[in-house]
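Listed here are the chains, written in short residue letters.
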Amino acid sequence: MVRGQSSSRDRLIIFGRYPVPGRTKTRLIPALGPAGAADLQRWLTENILETVRRFARPHEIEVEVCFEGGSKQKMRRWLGSGVIFSRQVSGNLGERMRAAFLDVFQRGADRVVLLGTDIPQIKTDHLEQAFNALVENDLVIGPSTDGGYWLIGLNRPVDLFEGIKWSTDAVFVQTLALAKKHGLRVKTLEPLKDIDTAEDLKQVLPGWKEINNV
């Protein structure tokens, strides 16, 4: 059960992209081909959205898909109604996440949790833990095994995205250092593995190629 007053003042943001072959999961194109990599991105997004909807609906938490590529019309045709669609701003990953958090907080949100689409192991329990953590903590973060993080949540706008060496194994450690600098109370969730490479895919979804005839 989510503690605190969960309502439309809570927001869960999925950071993702429209699955265009050749522009999606590019590090997996050598193993899966352009269409296969896009199919994986499509499946990962649909999988995480299903989990998020299952969690958010009974708690009346708003769900937002903040995307790159495509258009709101294409995203809506693909993923359906009942969620908010917004386009990511230009810039590096940190600039895009910072803008997404700031926009939602400026609209009056109390607790905001953001996650990507590359962690098929995410369960509703993880999302419940994240929102509960923000009752007594300023920051909740779920580390990924490659040194980044698979989830980040805040209960107020704080810039934890400036000066981070994105796409390196230093992202998580540098983010915690910024949180300490800001004097934030931090809750860390369990580490999970994201899917960036063919080896990741083999470990996390070992039957993917056979299931999808890649």
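Residues numbered from 1 in each chain as written. Predicted model: local features only at pLDDT ≥ 70, side-chain atom pairs only at ≥ 80, totals over all residues. Heavy atoms only, no water.

Asks: Describe in detail the overall build of the protein chain, supporting the description with residues and values.
Replies: Helix and strand counts for the protein chain stand at seven helices and seven strands. Ordered by position from the N terminus, the helices and strands of the protein chain form the series β-α-β-α-β-α-β-α-β-β-α-β-α-α. Here the C-alpha radius of gyration of the protein chain, 17 Å, is about what a compact globule of 214 residues would show, namely 17 Å. Restricting the contact set of the protein chain to residue pairs at least 6 apart, pairs at least 24 apart contribute 65%. (Helix = DSSP H or I, 4+ residues; strand = E, 2+ residues; numbered from the N terminus. Rg over C-alpha atoms; globule rule 2.2 N^0.38 Å. Contact = heavy atoms within 4.5 Å.)

Asks: Account for the nonpolar core, naming residues and giving values.
Replies: Within the largest apolar cluster, 31 residues are counted, with the highest numbers of intra-cluster contacts made by Leu 12, Val 65, Met 75, Leu 115, Ile 122, Leu 127 and Leu 151. Elements represented by at least two residues in this core include exactly β1 (10–17), α1 (29–59), β2 (62–68), α2 (72–79), β4 (111–115), α4 (124–136) and β6 (149–154). Those residues in contact with Leu 151 that lie beyond four places of it in its chain are Val 113, Leu 114, Leu 115, Leu 127, Ala 130, Val 140, Ile 141, Gly 142 and Leu 189. Cys 66, Tyr 149, Ile 152 and Trp 166 belong to the second largest nonpolar core, which has 26 residues in total. (Core = buried A, V, L, I, M, F, W, Y, C linked by side-chain atoms within 4.5 Å. Buried < 20%, exposed > 50% of the residue type's maximum accessible area, 1.4 Å probe, protein only.)

Asks: Pulling in residues and values, what's your account of the side chain of Glu 64?
Replies: Mapped onto the secondary structure, Glu 64 falls in strand β2. For Glu 64, the side chain forms a polar contact with the side chain of Arg 11, separated by 2.5 Å. A polar contact is formed between the side chain of Glu 64 and the side chain of Ser 86, at a distance of 2.5 Å. Those residues in contact with Glu 64, other than ones at most four positions away along the chain, are Arg 11, Leu 12, Ile 13, Ile 14, Ile 84, Ser 86 and Val 104. (Polar contact = N/O pair within 3.5 Å; in protein donor to acceptor, adjacent residues only side chain to side chain.)

Asks: Tell me what's going on with the side chain of Arg 111, and back it up with residues and numbers.
Replies: Note that Arg 111 resides in strand β4. Looking at Arg 111, the relative accessible area reads 6%, which means it is buried. Within the structure, Arg 111 has its side chain in polar contact with the side chain of Asp 10 (distance 2.9 Å).

Asks: Go over the packing of aromatic side chains, please, and point to the residues and values.
Replies: Going through the model one piece at a time under the given rule, you end up with four aromatic pairs. An angle of 85° between the planes, with centres 5.9 Å apart, marks the rings of Tyr 18 and Trp 78 as edge-to-face. Separated by 60 residues along the polypeptide, Tyr 18 in the loop between β1 and α1 and Trp 78 in helix α2 bring together distant segments of the chain. Trp 78 sits in the buried class, given a relative accessible area of 15%. Ring geometry for Phe 101 against Phe 161: centres 5.8 Å apart, planes inclined by 25°, an arrangement best described as stacked. Linking Phe 101 in helix α3 (residues 93–106) with Phe 161 in the loop between β6 and α5 (171–181), this pair joins segments that are 60 residues apart in sequence. One exposure class covers both Phe 101 and Phe 161, and it is buried. Chaining the aromatic ring pairs together yields one cluster made of Phe 101, Phe 105 and Phe 161. Directly above the aromatic system of Trp 78 lies the positively charged group of Arg 42, at a separation of 5.3 Å from the ring centroid. (Phe/Tyr/Trp six-rings, centres within 6.5 Å; stacked < 30°, edge-to-face > 60°. Lys NZ or Arg CZ within 6 Å of the ring centre and 35° of its normal.)

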